[in-house]
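Residue strings, one per chain:
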Amino acid sequence: MRVLLAGATGVVGRALAPLLRERGHHVTAMVRSPEAAPGLDVDAVAVADALDGAAVSAAVVPARPDVVVHQLTALRATGPAAFTDTARLRTEGTRNLVRAAQESGARRMVAQSIAFATAPQGPRVLAEDAPLYLDAPDPDWALTVRAVADLERQVLGAAGLDGVVLRYGTLYGPGTLYEPGGRVGAAVARGRLPLPRDAAGVTSFLHVEDAARAAAAAVDADAGGVVNVADDDPAEAADWVPGYARLLGAPPPRTVPPELAGRLLGWLLAHQLTAMRGAANDRARQSLGWKPLTPSWRTGLDPR
């Protein structure tokens, strides 16, 4: 089968490409510039800016993909650009990829989404039918969630395409914020990630290799719709932050009043630690035949 992989240079894309080739697929990577191509484990490279519709069609159509895989983000950016650029990729970039996939005759699209965009209401762990946090009070997060909702509508509503949306949990592993040298990992290691007193927010983690394995399974599966992809151990912040500190040999986090959390941590991290909900992975197990090789952050985050 011929697969067009957009986002091949991201942390999931780099892990996914060799898995697809191991399954016997011919993989074409769509990259923004030729400089990104060296080192990719793919069969062919097509160059296009995902926000340029004509360029995307010119890259995708000649590849004649059976499946288009959308792993585009701009999360390596910092500050507001990480939100705005990724939102554009999830809206405009998705629109361009969907159109090009339809023009090329592809039959299926697999797209990356996030499992932690749900509204902070209901049980501590939510299934795929939980509402998204479209009215989040933080403008950057509201923009992110609206872009996620738009991506999902486009992929699942595209005429002629069998769409599946993979809502990844919080990614950790090489190249992520949660590796020991990443922004969150380094803050925990230095004792600089304070823990709000009401640290009941739930994080569902996911190792990047397990995210890639889920995407590879989705390429070959018949399943459609929205699928949460997360490990088996949703954890409250009061559990995982001190637990990660212990794994790193770091001092335990200091506790701060909840009302100071937003000012000290920023809205999103404070939301994660105090109110976020986890994600159930039952549908991924049933519809994709997937299960995490790293079932818990307790071993996956261990640098040893």
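This text goes with the structure placed above it.
Residues numbered from 1 in each chain as written. Predicted model: local features only at pLDDT ≥ 70, side-chain atom pairs only at ≥ 80, totals over all residues. Heavy atoms only, no water.

**Q** What am I meant to see in the packing of helix 8 (residues 258-265) against helix 9 (residues 267-274) here?
**A** A pair of packed helices is captured by two measures, namely the crossing angle of their axes and the spacing between those axes. Running from N to C, helix 8 and helix 9 cross one another at 140 degrees; their axes reach a closest spacing of 6 Å. One element, helix 8, and the other, helix 9, form an angle in the oblique class. With respect to the hand of their crossing, helix 8 and helix 9 are arranged in right-handed fashion. In contact with Ala261, Gly262 and Leu265 of helix 8, helix 9 contributes Trp267, Leu269, Ala270 and Leu273. Tallied by class, residues from the contact of helix 8 with helix 9 come to 6 nonpolar, 1 polar and no charged. (Axes fitted to C-alpha atoms, helices over the stretch in contact; angles between N-to-C directions. Helix = DSSP H or I, 4+ residues; strand = E, 2+ residues; numbered from the N terminus. Parallel < 35°, antiparallel > 145°, perpendicular 65-115°, else oblique. Left-handed = near helix turned anticlockwise from the far one by under 90°. Contact = heavy atoms within 4.5 Å. Nonpolar A, V, L, I, M, F, W, Y, C, P; charged D, E, K, R; others polar.)

**Q** Is there a simple way to explain the sheet that holds strand 2 (residues 26-31) in this structure?
**A** Two pairing modes exist for strands in a sheet, parallel and antiparallel, and in both the strands are linked by backbone hydrogen bonds. In spatial order, the strands read 3-2-1-4-5-7-12; together these 7 strands make up an open sheet with parallel pairing. Single-partner strands in this sheet number two, and they are strand 3 (44-47) and strand 12 (225-229). The mean angle between the axes of side-by-side strands here comes to 20 degrees, regardless of whether they run parallel or antiparallel. Pairing between strand 5 (residues 108-114) and strand 7 (residues 162-168): 7 bridges, direction parallel. Pairing of Ser113 across the sheet is with Arg167, part of strand 7. Helix-sheet contacts for helix 1 (residues 11-22) involve strand 1 (2-6), strand 2, strand 4 (67-70) and strand 7, and the interaxial angle to strand 1 is about 170 degrees. Across the sheet, helix 2 (residues 53-60) lies against strand 1, strand 2, strand 3 and strand 4, angled at about 160 degrees from strand 2, the strand it touches most. (Pairing = 2+ DSSP bridges.)

**Q** What is the right way to look at the side chain of Gln154 in this model?
**A** The residue Gln154 is located in helix 4 (residues 139-157) in this model. Relative accessible area serves as the criterion here: at 16%, Gln154 is assigned to the buried category. Polar contacts involving the side chain of Gln154 include one to the main-chain amide nitrogen of Arg95, which spans 3.1 Å. (Buried < 20%, exposed > 50% of the residue type's maximum accessible area, 1.4 Å probe, protein only. Polar contact = N/O pair within 3.5 Å; in protein donor to acceptor, adjacent residues only side chain to side chain.)

**Q** When you look at the packing of helix 3 (residues 80-104) against helix 4 in this model, what are you seeing that I'm missing?
**A** At a minimum axis distance of 9 Å, the contact between helix 3 and helix 4 shows a crossing angle of 10 degrees. Accordingly, the angle class assigned to the pair helix 3 and helix 4 is roughly parallel. Judged by the twist between their axes, the crossing of helix 3 over helix 4 is left-handed. Within the contact between the two elements, helix 3 uses Phe83, Thr84, Ala87, Arg90, Thr91, Thr94, Arg95 and Val98 and helix 4 uses Asp140, Trp141, Leu143, Thr144, Ala147, Val148, Asp150, Leu151, Gln154 and Val155. A class-by-class count of the residues in the contact of helix 3 with helix 4 yields 9 nonpolar, 5 polar and 4 charged.

**Q** How should I be thinking about the nonpolar core in this particular structure?
**A** The nonpolar side chains of soluble globular proteins are, as a tendency, buried together. If you look at the biggest cluster of nonpolar residues, it comprises 38 residues, and the most contacted ones within it are Leu16, Val69, Val110, Leu166, Tyr168, Val229 and Leu288. Where this core is concerned, the elements lending two or more residues are strand 1, helix 1, strand 2, strand 4, strand 7, helix 6 (208-220), strand 12 and helix 10 (282-288). Of all the elements, helix 6 adds the most residues to this core, at 9 residues. With 27 residues, the next largest nonpolar core counts Ala46, Leu89, Leu151 and Val226 among its residues. (Core = buried A, V, L, I, M, F, W, Y, C linked by side-chain atoms within 4.5 Å.)

**Q** Teacher, can you tell me more about helix 4 here?
**A** Given 3.6 residues to a turn, an α-helix orients residues that are three or four positions apart in the same direction. The end-to-end C-alpha separation of helix 4 is 27 Å, in line with the 27 Å expected for 19 residues at 1.5 Å each. Residues of helix 4 that are buried: Trp141, Ala142, Thr144, Val145, Ala147, Val148, Ala149, Asp150, Leu151, Glu152, Gln154 and Val155. Near the N-terminus of helix 4, the side chain that reaches the backbone nitrogen of Asp140, with its oxygen 3.2 Å away, is that of Asp138. (Expected span 1.5 Å × (residues − 1).)

**Q** Just to check I follow, could you spell out the pattern of salt bridges for this structure?
**A** Opposite charge on two side chains lets them pair, provided their charged atoms get close. By the definition in use, this model includes 15 salt bridges. Note that Arg304 and Asp302 form a salt bridge whose closest N and O atoms lie 2.9 Å from each other. Among the ionic contacts, a cluster of salt bridges with common partners joins Arg21, Asp41 and Asp43. (Salt bridge = Lys/Arg side-chain N within 4 Å of Asp/Glu carboxyl O.)

**Q** What should I look at first to understand the side chain of Arg108 in this one?
**A** Note on placement: Arg108 falls in strand 5. Overall, Arg108 belongs to the buried group, its relative accessible area being 0%. Reaching out from Arg108, the side chain makes a polar contact with the backbone oxygen of Ala218 at a distance of 2.9 Å. The contact partners of Arg108, leaving out residues within four places of it in the chain, are Asp66, Val67, Val68, Leu161, Asp162, Val164, Ala218, Val219, Ala221, Asp222 and Ala223.

**Q** Please clarify how the environment of Glu35 should be interpreted in this entry.
**A** Of note, Glu35 is situated in the loop between strand 2 and strand 3. Measuring from C-alpha to C-alpha, the distance between Glu35 and Asp66 comes to 26 Å, with 31 residues separating the pair along the chain.

**Q** Can you help me understand the packing of aromatic side chains in this one?
**A** Given two aromatic rings, one states the distance between the centres and the angle between the planes to describe the pair. Counting across every chain of the model gives 7 aromatic pairs. When the ring of Phe116 is compared with that of Trp141, the centres are 6.1 Å apart and the planes differ by 10 degrees; the resulting orientation is stacked. Note that Phe116 is positioned in the loop between strand 5 and strand 6 (125-126) and Trp141 in helix 4, a separation of 25 residues in sequence. Here the aromatic cluster, defined as three or more aromatic residues joined through ring pairs, consists of Tyr172, Tyr178, Phe205, Trp240 and Trp297. (Phe/Tyr/Trp six-rings, centres within 6.5 Å; stacked < 30°, edge-to-face > 60°.)

**Q** What am I meant to see in helix 9 here?
**A** Considered for burial, the residues of helix 9 that qualify are Leu269, Ala270, His271, Gln272 and Leu273. Residues of helix 9 that are buried sit in contact with strand 9 (195-196), strand 10 (202-203), helix 7 (237-247) and helix 8.

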